[in-house]
Amino acid sequence: MTVLVDTNILVSALLYPNSVPAMALTLSSKKYNLILCDYCIAELCRITEAKFPHKSFEIKLLLDSVLYKTVTAPCHPNTLINDPKDAPILNAATLHNVDVIISGDKHFLNLEIEHPKILRAADFLELFR
């Protein structure tokens, strides 16, 4: 199974290493094929620098703690999702045939699509732990 986590999961895992999103990130790395798109990694860095600069040095530690493949997130519009900032993530998931997107973002959670499956971190842990 291939899993993609979005930016809010990465930010939560960075800020709260013992949180449910952090556990979902770790599980997806250990038991499944984890994909991180370059867009999410760049957003993680941008958000951290802007809002949590004291945590910037921990980004490398977080990313080094999980096994993942980095993929490119195409930045063309996607009519399935309302927020244009989320379109590259959905595009990456579609392009790389991701089975599950782990997200807490309402734009993803409100999508009515069968594939990929969109799950909150807690739901992912409940279903796949």
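Bear in mind that the values here come from a model prediction, so they are computed numbers and not experimental data.

What counts and how
- Residues numbered from 1 in each chain as written.
- Predicted model: local features only at pLDDT ≥ 70, side-chain atom pairs only at ≥ 80, totals over all residues.
- Heavy atoms only, no water.
- Core = buried A, V, L, I, M, F, W, Y, C linked by side-chain atoms within 4.5 Å.
- Buried < 20%, exposed > 50% of the residue type's maximum accessible area, 1.4 Å probe, protein only.
- Helix = DSSP H or I, 4+ residues; strand = E, 2+ residues; numbered from the N terminus.
- Contact = heavy atoms within 4.5 Å.
- Pairing = 2+ DSSP bridges.
- Axes fitted to C-alpha atoms, helices over the stretch in contact; angles between N-to-C directions.

Asker: How should I be thinking about the nonpolar core in this particular structure?
Answerer: The nonpolar side chains of a soluble globular protein tend to be buried, and buried together. Ranked by size, the top nonpolar core spans 46 residues in total, and within it I102 and F124 carry the most contacts. Residue contributions to this core peak at six residues, all from helix α1 (residues 7–15). Excluding anything up to four places from it in sequence, I102 contacts V3, L4, V5, D6, I9, A24, S28, L119, R120, A121 and F124.

Asker: Is there a simple way to think about the sheet that holds strand β5 (residues 117–119) in this case?
Answerer: Sheet strands line up and pair through hydrogen bonds in the backbone, either parallel or antiparallel. Across the sheet, which stays open at both edges, the five strands sit in the order β3-β2-β1-β4-β5 with parallel pairing between neighbours. The sheet is open, and its two edges are formed by β3 (69–71) and β5, each paired on a single side. Averaged over neighbouring strand pairs, the angle between their axes works out to 30° when direction is ignored. Sheet analysis places strand β1 (residues 2–5) next to strand β4 (residues 100–102), joined by three bridges and oriented parallel. Across the sheet, V3 pairs through a bridge with V100, a residue of β4.

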